[in-house]
Amino acid sequence: VTNDEHVVRAGVTDSDDALWVRALGGDEVAFARVFDRHVDRVHRHARRFVARESDAEDITAIVFLEAWRLRHRVRVVDGSIIAWLLVTAVNVARNMVRSRIRYESAIRGLRIDTVSDHADEVLKQLVLEGARAPLRAAFETLSRGDQEVLALCVLEELRPREVAVLMRVPAATIRTRLNRAKRRLRVALEKLGPGVAESWLEA
Amino acid sequence: MMSNDEGLDPAFRARLRSELQRRAQAGDGEIRARVRARRPWRFAIVGSGVVALALGAAVFVGISSSQKIKHDPRPMAAEQTVALCADEAIIVGGQEPHEGIEITVPKGDRLEQRILSACTRLWQDGELTSQIELQSSAQGAESSDEGAQSQGLSSSSRRKAVPPLTFCALQGGTLVVVPYVPCAEGDLAPSPTDGGD
């Protein structure tokens, strides 16, 4: 076995594909690695669709609990599970109430009753929001569908084809929706002030 | 473009990770165990459902059959009598004794009276009519509808005049109510219920 073969094997065994196969066989370490790899991205993605941090945490938890429950049906696209996780996060966010019911007790178990300093959280949020307030404001004026396709294809940089596979629609449909969403976002930014659209979209 | 720098709370993340690992470790075994635990309950629920359905079906069938028995027309037909309310054709023509309206009345007490009442109503309602001008010797009242005089059998001016009716029987035994004449004059047998004209 050469060094090159070791590298190739390491790459293969570390792919989502391979980890998922091991997870299906009951390898909890493999499942934990998939979790570690994608949890932050899923959480960040969830945060775009809900106002409260606790809701984003719930969505993140539900996405991974669903991934385990539906592990035999999870679709690995181009060797990665991330597209499935992000699209599932969109669906969970859309059906937040219904999704919560299934995992109510599990989610309750994940929360520890601590009294947090609400003022700190608000301050932190204001600082974070201040930097990108115009963009967030424009984003929030868009329809849910536009937000979803922009979040998946632009912010998370998934390819339209990947999203299309998971949403079971033609890739052309996703591309059309994406173009429309971009156009609407530009219009929404322009409404906020002259030149705002250019500065943000260039960035 | 836009991103959210706020990361997942490390404590929440750690708890979620351990919960997921726990589930992965338990694998299908835990699920199977849960299903096994639920199975007896499921059987009990499904079983009682089936029993309830069977009972319901049995009650429904029972009620349906009793309704059928109640409304079965065959026993009713056996308890009914067919009679003929004849018009004058039975007398004048003589050859067509079946002209008239057939009626069906339940068998039982006062059969003759009930048949007569039914025929009287048919005359009053104009269902049976006569070419013979009726003469009332008793009251001389005029019938406004027919231009004929009532014999007093009609209680309302709207009702048609009713001729004198006789209860007889045809050759085959069918009961018949004829106007104007006794049974013998119409070549009819006397009523079997009253023993003669």
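What counts and what doesn't
Residues numbered from 1 in each chain as written. Chains lettered and ligands numbered in written order. Predicted model: local features only at pLDDT ≥ 70, side-chain atom pairs only at ≥ 80, totals over all residues. Heavy atoms only, no water. Helix = DSSP H or I, 4+ residues; strand = E, 2+ residues; numbered from the N terminus. Buried < 20%, exposed > 50% of the residue type's maximum accessible area, 1.4 Å probe, protein only. Contact = heavy atoms within 4.5 Å. Areas by Shrake-Rupley, 256 points an atom, 1.4 Å probe, with all protein chains shown as cover. pLDDT = per-residue confidence, 0-100. 1 Å grid on protein atoms, 1.4 Å probe; cavity = no way out; pocket = protein on both sides within 12 Å on 5 of 7 lines; lining within 4 Å. Points joined across faces, edges and corners; volume = space filled by probe spheres on them. Phe/Tyr/Trp six-rings, centres within 6.5 Å; stacked < 30°, edge-to-face > 60°. Lys NZ or Arg CZ within 6 Å of the ring centre and 35° of its normal. Core = buried A, V, L, I, M, F, W, Y, C linked by side-chain atoms within 4.5 Å. Salt bridge = Lys/Arg side-chain N within 4 Å of Asp/Glu carboxyl O. Pairing = 2+ DSSP bridges. Axes fitted to C-alpha atoms, helices over the stretch in contact; angles between N-to-C directions. Polar contact = N/O pair within 3.5 Å; in protein donor to acceptor, adjacent residues only side chain to side chain. Disulfide = S-S within 2.5 Å.

A few words now on the overall build of chain B. Of regular secondary structure, chain B possesses four helices and five strands. Overall, chain B shows an N-to-C arrangement of helices and strands of α-α-β-α-β-α-β-β-β. Here chain B, with 197 residues, has 28% of them falling under the buried criterion. Partitioning the contacts of chain B with sequence separation of at least 6, the portion at a separation of at least 24 is 42%. Entry remark: accessible area of chain B is about 12400 Å², with carbon and sulfur atoms responsible for 54%.

The next point concerns the overall build of chain A. When you go through chain A residue by residue, the secondary structure sums to 13 helices and zero strands. Seen in sequence order, chain A has helices and strands lined up from the N terminus as α-α-α-α-α-α-α-α-α-α-α-α-α. Within chain A, the proportion of its 203 residues that are buried is 47%. The long-range share in chain A, meaning contacts at least 24 apart out of those at least 6 apart in sequence, stands at 64%. Entry remark: accessible area of chain A is about 10800 Å², with carbon and sulfur atoms responsible for 53%.

Residues and elements named next belong to chain B. Looking at chain B, the pLDDT average stands at 69 and 57% of residues meet or exceed 70. Taken element by element, the predicted model of chain B shows its lowest mean pLDDT in helix H3 (residues 89-92) (51) and its highest in helix H4 (residues 111-124) (87). With pLDDT under 50 throughout, residues 92-97 is counted as low confidence; its partners more than four residues away or in other chains account for eight contacts. Scored as a complex, the prediction yields pTM 0.49 and ipTM 0.72.

Attention now goes to the layout of surface pockets. Residue and element names in this part refer to chain A. Reported here for the second largest pocket is a volume of approximately 450 Å³. Lining the second largest pocket are 20 residues, and of these Glu 66, Leu 70, Trp 84, Thr 88 and Asn 91 lie nearest its centre. Looking at the lining of the second largest pocket, the elements that each hand over two or more residues are helix H4 (53-69), helix H5 (82-94) and helix H6 (96-102). No other element matches the six residues that H5 contributes to the lining of the second largest pocket.

We now examine the packing of aromatic side chains. Residues and elements named next belong to chain A. Summed over all chains, the structure comprises three aromatic pairs over all chains. Taken together, the ring pairs connect Trp 20, Phe 31 and Trp 68 into an aromatic cluster. Stacked on the ring of Trp 68, the Lys or Arg Arg 71 has its end atom at 3.8 Å from the ring centre.

In this section: the nonpolar core. Among the nonpolar cores identified, the biggest contains 67 residues, and Val 42, Ile 59, Trp 84, Leu 85 and Leu 150 of chain A are the most heavily contacted of them. For Leu 85 of chain A, the residues in contact, after removing those within four places along its chain, are His 38, Val 42, Val 63, Phe 64 and Ala 67 of chain A. In terms of nonpolar packing, the next biggest core, distinct from the first, is built from 15 residues, Ile 115, Leu 122, Leu 128 and Val 177 of chain B among them.

Time to look at the pattern of salt bridges. Applying the stated criterion across every chain yields a total of 20 salt bridges over all chains. Among the ionic pairs, Arg 13 of chain B bridges to Asp 40 of chain A, the shortest N-O distance being 2.9 Å. Placement of the pair is Arg 13 of chain B in helix H1 (residues 10-71) and Asp 40 of chain A in helix H3 (residues 28-47), with the two residues belonging to separate chains. By relative accessible area, which is 35% here, Asp 40 of chain A ends up partly exposed.

All names here are of chain B. Strand E1 (residues 80-86) sits mainly inside the fold: five of its seven residues count as buried. With seven bridges connecting them, E1 and strand E2 (residues 100-106) associate as antiparallel partners. Along E2, the bridge assignment pairs Val 82 with Thr 104. Two elements, E1 and strand E4 (residues 175-179), share three bridges in a ladder whose sense is parallel.

The next subject is the sheet that holds E1 of chain B. Residues and elements named next belong to chain B. An order of E2-E1-E4-E3-E5 is seen for the five strands of this open sheet, with the pairing classed as mixed. Of all the strands in the sheet, the pair left with one neighbour each is E2 and strand E5 (189-190). In this sheet, E5 lies alongside strand E3 (residues 165-169) in antiparallel orientation, the contact comprising two bridges. Residue pairing across strands places Cys 168 opposite Pro 190, the latter belonging to E5. Packing against the sheet, H4 makes contact with E1, E2, E3 and E4, and its axis sits at approximately 140° to E2.

This brings us to the side chain of Ser 80 of chain A. Residues and elements named next belong to chain A. Following the sequence through the fold, Ser 80 ends up in the loop between H4 and H5. Residue Ser 80 is classed as buried on the basis of its relative accessible area of 18%. Reaching out from Ser 80, the side chain makes a polar contact with the side chain of Asp 16 at a distance of 3.2 Å. Those residues in contact with Ser 80, other than ones at most four positions away along the chain, are Asp 16, His 38 and Arg 75.

Let us now look at the state of the cysteines. All names here are of chain B. The full count for this structure, using the stated rule, is one disulfide over all chains. Linked covalently through their sulfurs, Cys 85 and Cys 119 form a disulfide whose S-S length is 1.9 Å. Residues Cys 85 and Cys 119 are joined by a disulfide whose S-S torsion is about -80°; by sign, that bridge is left-handed. Here Cys 119 lies in helix H4 and Cys 85 lies in strand E1, a separation of 34 residues in the sequence.

Okay, unusual backbone geometry next. Residues and elements named next belong to chain A. Positioned with a positive phi, Asp 78 is a non-glycine residue whose angle comes to about 50°. Within the secondary structure, Asp 78 sits in the loop between H4 and H5. For Asp 78, a relative accessible area of 47% corresponds to the partly exposed category. Despite not being glycine, Glu 157 shows a phi value in the positive range, around 55°. Within the secondary structure, Glu 157 sits in the loop between helix H10 (144-155) and helix H11 (160-167).

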